[in-house]
Amino acid sequence: MRSFFSPSSIAVIGASSDPGKVGGMILKNIVNSSYSGKVFPINPRGGTILGLKAEVSVDHLNEVPDLAVMVIRSDLVVDEMERLGRKGVKAVVVITAGFKEEGTEGRQLEDRLNDVSKRYGIRVVGPNCFGLINTHGGLNSTFSSLFPPAGKISLCSQSGAVGATMLDWSRHTNNGVSKFISLGNKMDVDEADAIEFFGSDDETAVIGIYSEGISDGKRFMDAVFRTDKPIVMLKAGRSSAGSMAASSHTGALSGSDVVYDAVLDRLNIIRVKDLDAMFDALSAISSMKPMVNEGVAVITNAGGLGVMAADACSENYGVSLASLSYDTENRIREAIPTAASTHNPVDVRGDATNKMITDAIGIVSGDDNVGGMAILSSPIDAADLSSIAVAISEARGRIDIPIAVSFAGGAECEKALSLLRRDGIPSYPTPDRAIRALSYLRMAQRRRPEGVYVELPETSGRRRVLELLETAKMEFRSALSEEEGKTILSAYGIPVPPESLAISPRDAIAAAERIGYPVVMKIMSPDIMHKTDIGGVIVNVRTPEAVRETYESLTVRCRTAVPDARIDGVSVQKMVSGREVILSMIRDDQFGPVLSFGLGGIYVEIIGEISRALIPMSEDEMDKIIMSTKAYRMLSGARGRPPSDIESIRDIMKRMMKIALENPEIYELEINPVMVGKKKEGSWAVDALTTLR
């Protein structure tokens, strides 16, 4: 990666003397930056470009450049990569578009390009990318003149246009950038490479990523675990429409967004949903002091803004409104006798002098309950915002807590905001965003997990499971029957109620007599995955006559709803009682198996509240996905009801994890519902849906 960011020489393949062409823009940006290495323009016409001798081919160079930047037609790129490989070039940026983002032919062309680069051991950024920047090395190999100020933020963007937006934000707000890379189609170099490099870079304090989809989940996670630097990530393609747009844009196949939530939460990556949030987080983390505790103090000359900030502190951002000590409030009252409020938020009134504001900052910052401070002002005539900005700049160096500023308004605030930007003090257009920025400081201090996972129980039935899966594969089946799914659960020690498959009303009555009333009766068909949708489950069947009627009713319902369905019979199952929850595992293509938990039965679709975590997981993660749901409140004894056996749920979770880890053929395993009994009564898996790869 150093060859991309700190090359001693660069060849620009497709360099042009026309400043309107991309090859001309890139060469001009390299030459006009403070890059001190050698630059070799390559153009079939030769001659001189921007005062540099242009060679007709890289073959004519007397030395091997560290880096080549390619800006030629897509149909010429593969042959040129072959030429660079023979020359010995090991790092290439392919700016050119026209590859997998444009469909089948483009994908085939990209595959050929990838084959050539792998054969010669060439690392490639792109194709279809914007280039890269190293401010500390004076290098701008993008086709944009937006060279940002040097700083501690390193940026990685899959989209070139979003990358340009990031660079323009940096210049406008004076938030300094260390490195920038545009990944494009990510044929080779991807987010994992960027994170690994930035994570070891002494000139980087925080990493910002815009991504439309991770292509290698394991590499990505490994790279994140190897750095302790905070990462802010905007993962686009959250909706189905956004995912389709991402695919047409860069050829990305966006994974399920709920899985990304689980992954980024596991990695302690700060996930943001829009560019405003990303910029707020990067500015706060790169320029503010650490926030040791979550208490926020608000100082304002506009009471309404203070109320908004107080509301924001209750928005689950991970910060709270600090309780000021009695001594602090007394000192504020002495220093600012006209203050409207000495409680938090501290309202110093619109006519407060700069000295009053400075005194308030000094007094409040010394309160042990305060971890960070938000200073808010509006452009009222009595307030000199520029003087307030100067006072904040002077005070910042004397205190040990972070300060977020919000001058809420428009043109009247711009002069004061320019003073704050000059001094590297982040400011935010609304009180809510100032509070949220402080919360990002708290998130940035979270440490990544140590990789200590729950101990999984010993089981002895895997041989039976392997035989069952092998039979299904031999029969080219992508789904198992409910009975087969329950066989897997039983083999791993997950309790399943006694049941029997009946192929006639007489069989059903015999089974019910043997199992004991009441029973549950369910249609059994490999063609019907969700039985309740067609009325294929009837509970609380208590007599032989009811069993006979239920058998016939279920058969009629099935034939009416799904005429071509194969009916294997009717399951007669011991009826168990308890709270209904759902436990499921699905295997994500990028990140592997994910465990889900929530309210079960019909509530899973009505309420739709499901928590998720990657498999394997730690004890803390397992507690978190259980306790973060409404299901937990119900299970723990809401409104005086007896608590349920939550420990048995934890045991089933561990056994499902083991099923997932030992049987990669299982793509999805859903138990809905799990009936959770009262404390120490255990839980029962009463249904099983299993699909295979």
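Residues numbered from 1 in each chain as written. Predicted model: local features only at pLDDT ≥ 70, side-chain atom pairs only at ≥ 80, totals over all residues. Heavy atoms only, no water.

(A) Quick look at empty space enclosed by the protein. For the structure shown, the criterion picks out two cavities of 30 Å³ or more. For the largest cavity, the calculated volume is near 140 Å³. Along its surface, the largest cavity is lined by 13 residues, and L480, S481, E482, S525 and K531 are the ones closest to its centre. Among the residues making up the lining of the largest cavity, the classes are represented as seven nonpolar, two polar and four charged. In this structure, the second largest cavity encloses a volume near 50 Å³. Along its surface, the second largest cavity is lined by I299, T300, N301, V348, I357, I375, L376, S377 and I388. The set of elements that each furnish at least two residues to the lining of the second largest cavity consists of β15 (295–300) and β18 (372–377). The dominant element in the lining of the second largest cavity, judged by the number of residues it contributes, is β18, at three residues. The residue makeup of the lining of the second largest cavity, split by class, is six nonpolar, three polar and no charged. (1 Å grid on protein atoms, 1.4 Å probe; cavity = no way out; pocket = protein on both sides within 12 Å on 5 of 7 lines; lining within 4 Å. Points joined across faces, edges and corners; volume = space filled by probe spheres on them. Nonpolar A, V, L, I, M, F, W, Y, C, P; charged D, E, K, R; others polar. Helix = DSSP H or I, 4+ residues; strand = E, 2+ residues; numbered from the N terminus.)

(B) Inspection of the pairing of strand β12 (residues 206–211) at higher detail. Of all six residues that make up β12, six are buried, and the element is covered over most of its length. Here β12 shows two buried faces, one formed by V206, G208 and Y210 and the other by I207, I209 and S211. In this sheet, β12 lies alongside strand β10 (residues 150–157) in parallel orientation, the contact comprising five bridges. Bridging from a neighbouring strand, I153 pairs with V206 of β12. Pairing geometry for β12 and strand β13 (residues 231–235), over five bridges, is parallel. Paired with I207 across the bridge in β13 is I231. With respect to chirality, the unit in which β12 leads through helix α7 (residues 217–225) into the neighbouring parallel β13 is right-handed. (Buried < 20%, exposed > 50% of the residue type's maximum accessible area, 1.4 Å probe, protein only. Pairing = 2+ DSSP bridges. Right-handed = clockwise from strand over helix to strand, strands pointing away.)

(C) Fine view of the nonpolar core. One finds F4, V93, I181, F220 and F591 to be the most contacted residues of the largest nonpolar core, which totals 49 residues. In terms of residues, this core owes the most to one element, helix α6 (residues 191–199), which gives five residues. If near-sequence neighbours (up to four positions away) are discounted, F591 is found in contact with I214, G217, F220, M221, V259, Y260, V263 and L614. Membership of the second largest hydrophobic core comes to 48 residues, among which are L234, I285, V296 and Y428. (Core = buried A, V, L, I, M, F, W, Y, C linked by side-chain atoms within 4.5 Å. Contact = heavy atoms within 4.5 Å.)

(D) Region of interest: unusual backbone geometry. P345 follows N344 through a cis peptide bond whose omega is 5°. Tracing the backbone through its elements, the reader meets P345 in the loop between α12 (326–335) and β17 (346–347). In this chain, I615 is followed by P616 through a cis amide linkage whose omega measures 0°. You can see P616 is positioned in the loop between β27 (610–614) and α22 (619–627). Phi at F476 takes a positive value of approximately 55°, unusual for a residue other than glycine.

(E) Seen up close, the pattern of salt bridges. Applying the stated criterion to the full structure yields 42 salt bridges. Taking the shortest distance from any N to any O, the salt bridge between K53 and E55 comes out at 3.0 Å. Under the relative-accessibility criterion, K53 is labelled exposed at 59%. Residue E55 is classed as buried on the basis of its relative accessible area of 18%. K473 is the partner of E665 in a salt bridge, and the nearest nitrogen-oxygen pair spans 3.7 Å. (Salt bridge = Lys/Arg side-chain N within 4 Å of Asp/Glu carboxyl O.)

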